[in-house]
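In case you want the letters, here they are:
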Amino acid sequence: MHKYHRAHYWPYPYMCDDRSVIRQVVQQQSDNGWMNYTTLYDYHFDASTQELNQAGRLKLQWIALYSPERYRTAYVAASLDPRDSEIRLANTTSLIATICGSEDAAPPVMLRRAQSIGTPAEEVYLIRGAYLLSTPAPRLPYQAYGADAPEAE
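It should be emphasised that the depicted structure is a prediction, and the values quoted were computed from it without experimental measurement. (Residues numbered from 1 in each chain as written. Predicted model: local features only at pLDDT ≥ 70, side-chain atom pairs only at ≥ 80, totals over all residues. Heavy atoms only, no water.)

K.L.:
Got a minute to help me understand the confidence of the model for the protein in this structure?
P.N.:
Detailed reading of predicted coordinates is not advised where the pLDDT is low. Per-residue confidence for the protein gives a mean pLDDT of 89, with 95% of residues at or over 70. Summarising per-element confidence for the protein, the mean pLDDT is lowest in helix 1 (residues 2-8) (75) and highest in strand 2 (residues 74-77) (97). (pLDDT = per-residue confidence, 0-100. Helix = DSSP H or I, 4+ residues; strand = E, 2+ residues; numbered from the N terminus.)

In structure tokens:
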């Protein structure tokens, strides 16, 4: 009787575990993606004052007002200097409180050890420009026919 039921319902008991594992993996990847997207990296801060630049302020405003509630946490990438990290964290916390109207309504701001994924656009632009400048001029073989051809003797 057990052999019959195991054969009859065969894929279902095992599919539930497989689906659960896949859902957990996909959810973890989604959470990591949102954490990456809501992180303010080095290029969002002014190098000398550690205050958010225009791009950083706009991103922080989007995080505070428009990101899904579940992922509404602003992460600040830690600097190599701990004092710079603390200044960044304090500046971001005060600015997000200003955006939301009060500190109680503001989403949390957390320090995160991370580095930016990808390459800055300025670096890509310079590399592409150097590549285009180093391209040799095209040389096509040319042989004249007809009236332009030299006379054969």
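K.L.:
Whenever I open this one, the pairing of strand 3 (residues 109-112) confuses me. Can you help?
P.N.:
Within a regular strand, side chains alternate between the sheet's two faces. In the sheet, strand 2 pairs with strand 3 via four bridges, with the strands oriented parallel. Across the sheet, Ala74 pairs through a bridge with Val109, a residue of strand 3. Crossover connection from strand 2 via helix 4 (residues 82-100) to parallel strand 3: handedness right-handed. (Pairing = 2+ DSSP bridges. Right-handed = clockwise from strand over helix to strand, strands pointing away.)

K.L.:
So what exactly am I meant to see when it comes to the environment of Trp34 here?
P.N.:
Mapped onto the fold, Trp34 is located in helix 2 (residues 11-37). The spatial distance from the C-alpha of Trp34 to the C-alpha of Arg57 is 18 Å, given a sequence separation of 23 residues. Among residues more than four places away in sequence, those in contact with Trp34 are Trp62, Ser67, Pro68 and Tyr71. (Contact = heavy atoms within 4.5 Å.)

K.L.:
What's the story with the packing of helix 3 (residues 54-65) against helix 4 in this structure? I'm lost.
P.N.:
Axes are the key here: two packed helices are described by the angle between their axes and the distance separating the axes. Following both chains from N to C, one finds helix 3 and helix 4 inclined at 55°, their axes separated by 10 Å at the closest point. What the angle tells us is that helix 3 and helix 4 run oblique. Viewed along their axes, helix 3 and helix 4 form a crossing whose handedness is right-handed. Counted together, Arg57, Leu60, Gln61, Ala64 and Leu65 of helix 3 and Thr92, Leu95, Ile96, Ile99 and Cys100 of helix 4 form the full contact between these two elements. Class assignment of the residues belonging to the contact of helix 3 with helix 4 gives a composition of seven nonpolar, two polar and one charged. (Axes fitted to C-alpha atoms, helices over the stretch in contact; angles between N-to-C directions. Parallel < 35°, antiparallel > 145°, perpendicular 65-115°, else oblique. Left-handed = near helix turned anticlockwise from the far one by under 90°. Nonpolar A, V, L, I, M, F, W, Y, C, P; charged D, E, K, R; others polar.)

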